[in-house]
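Below are the chains, spelled out letter by letter.
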Amino acid sequence: MTIQLTFWGAAGQVTGSLHLLEAAGARIALDAGLFQGRRKEAAEQNRELPFDARRLDAVVLSHAHMDHSGRLPLLTRHGFRGPIYATPATRDLCAVMLPDSAQIQERDAEYLERRGKKGPESEPLYSLADAVAVQELMVGIPYRRVQHLRRHLRFEFTDAGHILGSASVDIRLTEGPGHRLVFSGDLGRSGLPIIRDPDPPSGPVDTLIIESTYGDRVHDSVAQGEEKLGEIVRRVAARGGKLLIPAFALGRTQEIVYALHALHRRGAIPTIPIYVDSPLAVDTTTVFRMHPELFDRREHLAGQTSALFDFPLLQYTQTVDDSKRLNTLNGPAIIISASGMAEAGRILHHLANHAGDHRNLILFVGFQAEHTLGRRIQDGADSIKVYGDMFPRRAEVETLTGYSAHADREGLRSWVRALGGPISRAFVVHGEAGPALSMAQLLEAEGVGEVIVPRQGESFSL
Ligand SMILES: [Zn+2]
């Protein structure tokens, strides 16, 4: 019995999640995510698949975020025809996320071409047809249901509490002495609005693959996040500014809307218009409405499932014209728009339009990866480059950690403890160098036998 594990992404960085597991005669990809970061570099990393997609037997997908699912259409483009296992909510989210990703790439390519800035990074990675082909291969597997991949290879999903439908993967090989491999996926936090808390698998683990995004940090609580959000909205409204929130259309947008709703209901923020300027956010919100069975009991019992994301101040803008109208808005307003790391999408146009006004405020509510525009603004850049043009940045910049969808250091530690049994070996992925090292030290302190931070392309026999 040989088990081979190769790290083809999210190794030494947070994006591009893709781990290849070869066991029981099968070749299984855990995730197939996009690399994000320096445009040209990411485009090159994304374009090259590290193995023959036709020889892959299946994909087991942890959740719908692009850095975990965004290369699935590239697999189908290169001839992959096997099943893609995901929870039903992840499957439904991918049905809107992946076609959107294909269209963003096509639109960005056209835009760059019109501006005479055509280069290798402006070629779309895949087409809408490739994204649609992914959907035909998706198989929905609910949490805690055993799914067989081979006679001696099976897995089940458990709730990772990170975004709607997010899962950890508990894989068992029953040949010979047997082997249990747990892939954490991205881990969420206790007390996040809407979704449930993480529900880890339990018992002894031979091999653990664990994320480390915030392995070196402690977040504000969700309640502190809401307080700060209220304070920021009041401050910006008082000076007649616009509050720009780059947010992932999936998860963060719904949580921020939920928090603004709560703040407004108790009179903690003034009555100013809130725009969710992202057609994708409209579609992902629809998927939330389809899956009330995944909500926390609190929301479920309150009978709020259909009204959860709707209130009078809130407007969803669909068309490009509606979006452009936001450029000429008078008076204070809140604009929530994708993408979350300001890498693509409508938020770029809003930044170009509003970053120059000192009354405005750019608020980050999620992780900003190295080399993204979001990270540069967060680090205090006083001019920003959007589609090749420079714009001054005079708007104030703030970051809220209370809404992070990722477990912090203490959350990661409790998740590892909840696994319960001894852990023989752990691979630390999905973190930049500092956080990954901190996470490795944490795991050693928790008594894990062997801890490894794998490099991109590194392979291990288990
Ligand atoms: Zn994620």
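Our subject is the structure listed above.
Let us look at the structure shown here.

Conventions adopted
Residues numbered from 1 in each chain as written. Predicted model: local features only at pLDDT ≥ 70, side-chain atom pairs only at ≥ 80, totals over all residues. Heavy atoms only, no water. Helix = DSSP H or I, 4+ residues; strand = E, 2+ residues; numbered from the N terminus. Rg over C-alpha atoms; globule rule 2.2 N^0.38 Å. Buried < 20%, exposed > 50% of the residue type's maximum accessible area, 1.4 Å probe, protein only. Contact = heavy atoms within 4.5 Å. Areas by Shrake-Rupley, 256 points an atom, 1.4 Å probe, with all protein chains shown as cover. Donors = N, O, S within 2.8 Å, 3.2 Å for Na, K, Ca; no water. Tetrahedral: all angles 85-135°; square planar, octahedral: opposite > 155°, others 65-115°. Pairing = 2+ DSSP bridges. Axes fitted to C-alpha atoms, helices over the stretch in contact; angles between N-to-C directions. Salt bridge = Lys/Arg side-chain N within 4 Å of Asp/Glu carboxyl O. Phe/Tyr/Trp six-rings, centres within 6.5 Å; stacked < 30°, edge-to-face > 60°. Core = buried A, V, L, I, M, F, W, Y, C linked by side-chain atoms within 4.5 Å.

### Considering the overall build of the chain
Turning to step 1, where the next piece is worked out: Counting its regular elements, the chain contains 14 helices and 22 strands.
Turning to step 2, where the next piece is worked out: Against the compact-globule benchmark of 23 Å for 462 residues, the chain has a radius of gyration of 21 Å, which places it among compact chains.
Turning to step 3, where the next piece is worked out: Counting only C-alpha atoms, the chain reaches 70 × 50 × 40 Å along its principal axes.
Turning to step 4, where the next piece is worked out: Put simply, the chain has 462 residues, and 58% of those count as buried.
Turning to step 5, where the next piece is worked out: Put simply, 76% of the contacts in the chain that link residues at least 6 apart link residues at least 24 apart.
Turning to step 6, where the next piece is worked out: When the accessible area of the chain is evaluated, it comes to approximately 17,600 Å², of which 49% is carbon and sulfur surface.

### What about the coordination of the zinc ion?
Ideal values differ by geometry: the angle at a metal is 109.5 degrees with four tetrahedral donors, but 90 or 180 degrees with six octahedral donors.
Turning to step 1, where the next piece is worked out: Every protein donor of the zinc ion is accounted for by His63 (NE2), His65 (ND1), His162 (NE2) and Asp186 (OD), and the metal-donor separations fall at 2.2 to 2.4 Å.
Turning to step 2, where the next piece is worked out: One way to put it: the four donor atoms around the zinc ion meet at angles of 90 to 167°, and that makes the site irregular.
Turning to step 3, where the next piece is worked out: Every donor residue of the zinc ion comes from the same chain, spaced as H-x1-H-x96-H-x23-D. On the criterion of sequence distance, the pair formed by His63 in the loop between strand S4 (58-60) and helix H2 (66-69) and His162 in the loop between strand S8 (153-159) and strand S9 (167-173) is long-range, its members being 99 residues apart.

### Comments concerning the sheet that holds strand S1 (residues 4-7)
To summarise the sheet geometry, strands pair through backbone hydrogen bonds and adopt either a parallel or an antiparallel arrangement.
Turning to step 1, where the next piece is worked out: The seven strands are arranged S6-S5-S4-S3-S2-S1-S22 in an open sheet whose pairing can be described as mixed. The strands lining the two open edges of the sheet, one partner per strand, are strand S6 (138-140) and strand S22 (459-461). Direction aside, the axes of adjacent strands within the sheet are offset by 20° on average.
Turning to step 2, where the next piece is worked out: Relative to S22, S1 runs antiparallel, the two being bridged by three bridges. Paired with Leu5 across the bridge in S22 is Phe460.
Turning to step 3, where the next piece is worked out: Its contacts with the sheet place helix H4 (residues 88-114) against strand S5 (84-86) and S6, and it is angled at close to 145° to S6.
Turning to step 4, where the next piece is worked out: Packed on one face of the sheet, helix H5 (residues 128-137) meets S5 and S6 and runs near 40° to S6.

### A short note on the pattern of salt bridges
Turning to step 1, where the next piece is worked out: Scanning the entire structure with this criterion turns up 26 salt bridges.
Turning to step 2, where the next piece is worked out: Salt-bridge contacts for Arg239 lead to Glu396; the nearest nitrogen and oxygen are separated by 2.8 Å. Of this pair, Arg239 sits in the loop between helix H6 (222-238) and strand S12 (242-246) while Glu396 sits in strand S19 (residues 396-399), and the two are 157 residues apart along the sequence.
Turning to step 3, where the next piece is worked out: When its relative accessible area of 27% is taken as the criterion, Arg239 is described as partly exposed.
Turning to step 4, where the next piece is worked out: With relative accessibility at 24%, the residue Glu396 sits in the partly exposed group.

### Describing the packing of aromatic side chains
Turning to step 1, where the next piece is worked out: Applying the stated criterion across every chain, the model contains seven aromatic pairs.
Turning to step 2, where the next piece is worked out: Judged by centre distance (5.0 Å) and plane angle (45°), the rings of Phe7 and Phe427 are tilted. One end of the pair, Phe7, is in strand S1; the other, Phe427, is in strand S20 (residues 423-429), with 420 residues separating them in the sequence. The two residues Phe7 and Phe427 agree in class, both being buried.
Turning to step 3, where the next piece is worked out: By the ring-pair criterion, three or more aromatic residues cluster together here, those being Phe7, Phe427 and Phe460.

### A look at the nonpolar core
Turning to step 1, where the next piece is worked out: Of all hydrophobic cores here, the largest spans 105 residues; its most connected members are Leu72, Leu75, Leu260 and Ile336.
Turning to step 2, where the next piece is worked out: When residues no more than four places from it in sequence are discounted, the contact partners of Leu72 are Ala32, Val59, Leu61, Ile84, Leu98, Val134 and Met138.
Turning to step 3, where the next piece is worked out: Membership of the second largest hydrophobic core comes to 21 residues, among which are Val182, Ala407, Ile423 and Val428.

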